[in-house]
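Reading the structure
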Amino acid sequence: MFANAEIGIDLGTANILVYTKSKGIVLNEPSVVAIDTKTKNVVAVGQEAKEMVGKTPRNIIPIRPLKDGVIADYDITAQMLKEILKKVSKKIGVSMRKPTVVVCTPSGSTTVERRAIHNAVKSYGAKEVHLIEEPVAAAIGADLPVDEPIANVIVDIGGGTSEVGIISFGGIVSCRSVRTGGDKMDEEIIHYIRKHYNILIGERTAENLKMEIGYALIDHKEESMDIRGRDLVTGLPKTITVTSTQVQEAIKESLESILETIHATLENCPPELSGDIVDHGVTITGGGALIKGMQQWLADELHVPVHLAPNPLESVAIGTGRALKMINKLQKAAK
């Protein structure tokens, strides 16, 4: 039994990942909670709750308490964290009394939003709570030499936000955050299918389309996929075939918004560090980094090498865990 556990939490809009010092990533579940509206009790958390989306009776509502990378519903997030950390305790067979916790926050979050995240974790009974900015955590998790005096450019395309940061000497030199990510792309796909086919599809179907046949803005051999939705004219279920070119067209705006953010961040880079970017390039992490052709498209647009992080989906969580060792150094750099 180790009473003072040390854990890192990636409190993402789409997924929550928990990293412990001894076991690495012990939990990776969707940030969804199912609530009974009559009793206000939590019915399910994580994967179990995600499977309920769009399929529950009236009194049970699946909620995503995190929006755009920050807490939208404080009480439900606090309950979700308690349930998630209970799951972690069971998995590793250890009572996590008064853990030291490192949580990542979007670089564009306000003081109020950071305080909400801090308080939600503290309410679980954490001994100490350290907040670390998402680009720094992603860079540490992607094995970049963040504490060296060279430019490390990280692009983290998450569910709610996309973060771009230039990190040197353990601190952020220049960073931008845009509230565009995987969720926005899913919304754009739903909107596109509704507009062109008069068919309403759910979030999960849109996400599957993006993952299976979604492409960044590159030329590719067209693929297609059959999906089911509700015909808005007849009200009956209908199956249609969607092509990868259509999905590409649907998410074009989001991809261009992410590219614009990368450009804006690089424009703010000190000239001394610009040379490093030409040599070392840009590293991409997050679920959005796995969209087909993303690496090639960014390399063509930015004219620098683009690398995919070893574990794009887990980079931020691994970084928060590793940051436990270097938290003092990072805090000094942030002051």
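Everything quoted here is computed from the prediction, not taken from an experiment.

**Here we look at the pattern of salt bridges**
Side chains carrying opposite charge are able to pair once their charged atoms draw close together. Tallied over the entire structure, the rule returns eleven salt bridges. With its nearest N and O atoms 3.0 Å apart, the salt bridge here joins Lys210 to Asp186. Note that Lys210 is positioned in helix H6 (residues 203-213) and Asp186 in helix H5 (residues 182-197), a separation of 24 residues in sequence. As far as the burial class goes, Lys210 and Asp186 line up, both buried. Glu223 is the partner of Lys292 in a salt bridge, and the nearest nitrogen-oxygen pair spans 3.4 Å. Remark: Glu223 occurs in the loop between H6 and strand E15 (224-231) and Lys292 occurs in the loop between strand E17 (282-285) and helix H9 (294-302); sequence separation between them is 69 residues. Glu223 gets classed as partly exposed once you look at its relative accessible area, which sits at 27%. By sharing partners, the salt bridges in this structure join Arg64, Asp183 and Glu203 into a single network.

**Looking at the nonpolar core**
One finds Ile189, Ile193, Ile201, Leu209, Met294 and Leu298 to be the most contacted residues of the largest nonpolar core, which totals 43 residues. Take this core: its biggest share by element is seven residues, from helix H7 (residues 244-267). A domain split of this core shows at least three residues from each of domain 2 (145-180 + 254-309) and domain 3 (182-250). Setting aside residues no more than four positions away along its own chain, Leu298 makes contact with Leu259, Ile262, Ile284, His303 and Val306. Grouped together as the second largest cluster of nonpolar side chains are 27 residues, Leu81, Leu85, Val88 and Ala116 included.

**Focus on the side chain of Thr180**
Along the polypeptide, Thr180 turns up in the loop between strand E13 (171-178) and H5. Setting aside anything within four residues of it in sequence, one finds Thr180 in contact with Gly160, Thr161, Ser162, Ser254, Ser257 and Ile258.

**Notes on the pairing of E17**
Neither face of E17 is exposed, since Val282 and Ile284 on one face and Thr283 and Thr285 on the opposite face are all buried. One ladder, built from three bridges, connects E17 with strand E18 (residues 306-308); its direction is parallel. If you follow Thr283 over to E18, its bridge partner there is His307. Each parallel crossover has a hand, and the one from E17 via H9 to E18 is right-handed.

**A few points about the sheet that holds E13**
Strands sit in the order E13-E12-E11-E17-E18 across an open sheet of five strands; the sheet is mixed. Both outer strands of the open sheet, E13 and E18, are each paired with one neighbouring strand and no more. If you compare each strand with its neighbour and ignore which way they point, the axes differ by 20° on average. Of the strand pairs in this sheet, strand E12 (residues 162-168) and E13 are connected by seven bridges, and their pairing is antiparallel. When the sheet's bridge partners are listed, Ile166 is paired in E13 with Ser174.

Rules used in this analysis
- Residues numbered from 1 in each chain as written.
- Predicted model: local features only at pLDDT ≥ 70, side-chain atom pairs only at ≥ 80, totals over all residues.
- Heavy atoms only, no water.
- Salt bridge = Lys/Arg side-chain N within 4 Å of Asp/Glu carboxyl O.
- Helix = DSSP H or I, 4+ residues; strand = E, 2+ residues; numbered from the N terminus.
- Buried < 20%, exposed > 50% of the residue type's maximum accessible area, 1.4 Å probe, protein only.
- Core = buried A, V, L, I, M, F, W, Y, C linked by side-chain atoms within 4.5 Å.
- Domains from an automatic or database assignment.
- Contact = heavy atoms within 4.5 Å.
- Pairing = 2+ DSSP bridges.
- Right-handed = clockwise from strand over helix to strand, strands pointing away.
- Axes fitted to C-alpha atoms, helices over the stretch in contact; angles between N-to-C directions.

These values are about where atoms sit, not about what they do.
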